[in-house]
Amino acid sequence: MAMIRRLVGVPAWAGVLFALVLAPALSPALSPALSNDGFPPVLIGPVGQFTVLRPVMVAPLTPIRTGAGGVTNLARFRGKVVLLNFWATWCPPCREELPSLERLWKMLNHKKFEILAVNLGQGPDAIFEFVGALNPSLTFPVLLDRSTAVFKSWSGMAIPTTFVVDQDGRVVYRAIGGRRFDDPHLIKQIKALVKAGK
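Summary of the structure given here. (Residues numbered from 1 in each chain as written. Predicted model: local features only at pLDDT ≥ 70, side-chain atom pairs only at ≥ 80, totals over all residues. Heavy atoms only, no water.)

### Concerning the overall build of the chain
Move 1: Scanning the chain for helices and strands turns up six helices and eight strands.
Move 2: Order of helices (α) and strands (β) in the chain, N terminus to C terminus: α-α-β-β-β-β-α-β-α-β-α-β-β-α.
Move 3: When burial is assessed residue by residue, the chain has 48% of its 198 residues classed as buried.
Move 4: Looking at the chain as shown, the accessible area adds up to about 9,700 Å², and 58% of this sits on carbon and sulfur atoms. (Helix = DSSP H or I, 4+ residues; strand = E, 2+ residues; numbered from the N terminus. Buried < 20%, exposed > 50% of the residue type's maximum accessible area, 1.4 Å probe, protein only. Areas by Shrake-Rupley, 256 points an atom, 1.4 Å probe, with all protein chains shown as cover.)

This is the structure we're talking about:
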């Protein structure tokens, strides 16, 4: 409960979700000390591999709002490997893993790989104020799911949750909880998927 009390400015339901659903699933051995921004210790999950999904599911094509007010969906990215990350600014593990997503983005060929960061429940002003303050700033697309309808269509239960979709629109990997996306094991899995689609 101390963790919930220290989530200053975070909706009460969000703190409960993090403490009761997400935090127990993550590895406390990887939890650092209190961060400089006053948030509680960030719990980062296993740095190893993604979970392989069996049977492979077809990625939902639920419309997703863009920051510019348009609409997109995963059909636009057929032919690419897509990493879809669900996050929010109030979620400590989400905040912790975003820089590693940016590092991963800079490592891979954008003609064959895409990252889509889907924010849950927040408006553009809050999202882009937060993103703009990051160093380095995010250069991959940040999308909006204010109603959480997109997250529900993916059967999401807690954030951060990440899915990896292959070139044919099939969901092959999942990660629940924070990750370091520039970890060599994760990079190897993604590169192998990209190569398999050649």
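Structure shown, so let's carry the discussion forward.
### Examining unusual backbone geometry
Move 1: With omega at 5°, the peptide bond leading from Asn-135 into Pro-136 counts as cis.
Move 2: Among the secondary structure elements, Pro-136 is positioned in the loop between helix H4 (124-133) and strand E6 (142-145).
Move 3: Here the bond from Ile-159 into Pro-160 is cis, since omega is 0°, no more than 30 degrees from zero.
Move 4: Residue placement: Pro-160 occurs in the loop between helix H5 (149-153) and strand E7 (161-165).
Move 5: We note that Thr-148 has phi near 65°; this positive angle belongs to a residue other than glycine.
Move 6: Structurally, Thr-148 can be placed in the loop between E6 and H5.
Move 7: At Ser-155, a position not held by glycine, the phi torsion is positive, near 60°.
Move 8: By the secondary structure assignment, Ser-155 is in the loop between H5 and E7.

### Concerning the environment of Asn-135
Move 1: Relative to the helices and strands, Asn-135 is located in the loop between H4 and E6.
Move 2: Sequence-wise, Asn-135 and Pro-99 are 36 residues apart; in three dimensions their C-alpha atoms are separated by 8.0 Å.

### Regarding the pattern of salt bridges
Move 1: Evaluation of the coordinates by the stated rule reveals five salt bridges.
Move 2: With a closest N to O distance of 3.8 Å, Lys-106 and Glu-102 form a salt bridge. Of the two residues, Lys-106 and Glu-102 are both situated in helix H3 (residues 92-107); the distance of four residues between them amounts to about one turn of the helix.
Move 3: Since its relative accessible area comes to 55%, Lys-106 is described here as exposed.
Move 4: Judged by its relative accessible area of 0%, Glu-102 is buried.
Move 5: Here Arg-103 and Asp-182 are joined by a salt bridge, their closest N and O atoms 2.5 Å apart. Residue Arg-103 is found in helix H3, and its partner Asp-182 is found in the loop between strand E8 (170-176) and helix H6 (184-196); the two are separated by 79 residues along the sequence.
Move 6: Overall, the relative accessible area of 40% leaves Arg-103 in the partly exposed class.
Move 7: One salt-bridge network, held together by shared partners, links Asp-166, Asp-168 and Arg-170. (Salt bridge = Lys/Arg side-chain N within 4 Å of Asp/Glu carboxyl O.)

Purely geometric stuff here, so don't read any function into it on its own.
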